[in-house]
Amino acid sequence: MEKISIVVPCYYEEKSLPFFYEKINEVTKKMNNVEFEIIFVNDGSNDNTLNIMKDYANLDTRVKYISLSRNFGKESALYAGLENSTGDYIAVMDADLQDPPELLEQMYNSLINEDYDCIATRRVDRKGEPPIRSFFARCFYKLINKISNTDIVDGARDFRLMKRKMVEAILQMKEYNRFSKGIFGWVGFNTKWIAYENIERVAGETKWSFWKLFKYSIEGIVAFSTSPLLISSFIGIIFFIISFIMICFIIVRTLIVGDPVAGWPSLVCIIFFVGGIQLFCTGILGQYLAKAYIETKNRPIYIIKESNIFKSKDRINTYEKDNTNIK
Ligand code: UDP
Ligand code: MG
């Protein structure tokens, strides 16, 4: 029998998990021609999330849990789940039911009957989201698609069902700065998109503040495009040309009409302006340098504190007796 692994990253989801588990049970009961494995990844939450996962694992042998040593972020939690999954097909799903589990059956049928490697989902609207957040999100997608070669779909959710070969490709991308939407696009493979209307979170709150999202979008741009570096070089060249023309103009004017009153206020403005542009471009450079610096450290993407998964393929030896694993 074929097996589907469902990877669910959870961060302070004690309120949503019971709803999620109930729903996923309904769905898996219907799909009785497939075996299931549900991998909950506790991304360093200090509420009851882990205890709830353990309770489910005690009741249900299909449930696996991985508890990370701190909050590593959703992207790292996903990586931990994917790396420890054993299914032929792997689904990635949020715990708050914003990714409707009932779509899973349709996704699975598409995957086995049609020539696709991945069935992904995108939401067609952003109902229930603050308008300012939607506006910036749209701008971000427009921008990143212009400056990056990787196709990053507007409204794409991380919710998807993939064949193992695609997951293996994703696991090969061991970068520390993980922008999943870009990584999914970068690895390629045939992807079918299913659209659905946005669903609001069943319980609890989103952990994405505006600032967190802003930082995440900068990370996405830096990770999947080097165009900002090119743009800053262009700005430099344009300023060089303008200043050259201005110098020629001033020399000629001085020779012809002498040296009129020096306009130092305008000079100060120009110095500020050019100084600002220089700092902006240095900042862009700094972003890439910072990311490169972090990557060279080669730190683990996640650290497991506790788990009920012991035999994880060739990683069996990395688990120590006390059940602590460092990837
Ligand atoms: N999540 C996580 N680590 C984090 C933040 C979020 O594992 O640092 C999980 C969270 O528990 C949820 C999913 O990622 O299952 C999506 O998070 P959220 O619903 O807060 O984001 P939104 O749906 O608002 O984009
Ligand atoms: Mg959500």
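This is a predicted model, so every value here is computed, not measured.

Rules used throughout
Residues numbered from 1 in each chain as written. Chains lettered and ligands numbered in written order. Predicted model: local features only at pLDDT ≥ 70, side-chain atom pairs only at ≥ 80, totals over all residues. Heavy atoms only, no water. Near = heavy atom within 4 Å. Polar contact = N/O pair within 3.5 Å; in protein donor to acceptor, adjacent residues only side chain to side chain. Nonpolar A, V, L, I, M, F, W, Y, C, P; charged D, E, K, R; others polar. UniProt positions renumbered as here; feature names shortened; annotations may be inferred. Helix = DSSP H or I, 4+ residues; strand = E, 2+ residues; numbered from the N terminus. Salt bridge = Lys/Arg side-chain N within 4 Å of Asp/Glu carboxyl O. Buried < 20%, exposed > 50% of the residue type's maximum accessible area, 1.4 Å probe, protein only. Axes fitted to C-alpha atoms, helices over the stretch in contact; angles between N-to-C directions. Parallel < 35°, antiparallel > 145°, perpendicular 65-115°, else oblique. Contact = heavy atoms within 4.5 Å.

### Side note on the site of ligand 1
Step number 1: Not every one of the 17 residues close to ligand 1 is listed here, only the nearest: Glu13, Asp43, Asp96, Gln98 and Thr206.
Step number 2: Take lysine 74: an N or O atom from its main chain is 3.4 Å from a nitrogen atom of ligand 1.
Step number 3: A per-class count over the shell around ligand 1 returns 5 nonpolar, 4 polar and 8 charged.

### Section: the UniProt feature "transmembrane region" (unreviewed entry) in the chain
Step number 1: In this numbering, the UniProt entry assigns the feature "transmembrane region" (unreviewed entry) to residues 229-252 and 264-290.
Step number 2: Segment residues 229-252 splits into 100% helix and 0% strand. End C-alpha atoms: 35 Å apart.

### Quick notes on the pattern of salt bridges
Step number 1: On inspection of all chains with the given rule, the structure shows 13 salt bridges.
Step number 2: Between aspartate 158 and lysine 74 there is a salt bridge, with its nearest N and O atoms 3.0 Å apart. Of this pair, aspartate 158 sits in strand E6 (residues 156-163) while lysine 74 sits in helix H3 (residues 74-83), and the two are 84 residues apart along the sequence.
Step number 3: When its relative accessible area of 5% is taken as the criterion, aspartate 158 is described as buried.
Step number 4: For lysine 181, the salt bridge is made with aspartate 158, and the minimal N-O distance between the two is 3.6 Å.

### Remarks on the packing of helix H8 (residues 210-224) against helix H10 (residues 264-297)
Step number 1: Two numbers describe how H8 lies on H10: the axes approach to 10 Å, and their chain directions differ by 80 degrees. With respect to H10, the element H8 is oriented roughly perpendicular. Of the residues in H10, those touching H8 at Ile218, Glu219, Ile221 and Val222 are Gln287, Tyr288 and Lys291.
Step number 2: In terms of residue class, the contact of H8 with H10 is built from 4 nonpolar, 1 polar and 2 charged.

### What to know about the environment of serine 225
Step number 1: For serine 225, the location among the structural elements is in the loop between H8 and helix H9 (227-257).
Step number 2: In this structure the C-alpha to C-alpha distance between serine 225 and alanine 195, which are 30 residues apart in sequence, comes to 27 Å.
Step number 3: Of note is the side chain of serine 225, whose polar atom sits 3.0 Å from the backbone nitrogen of serine 227.

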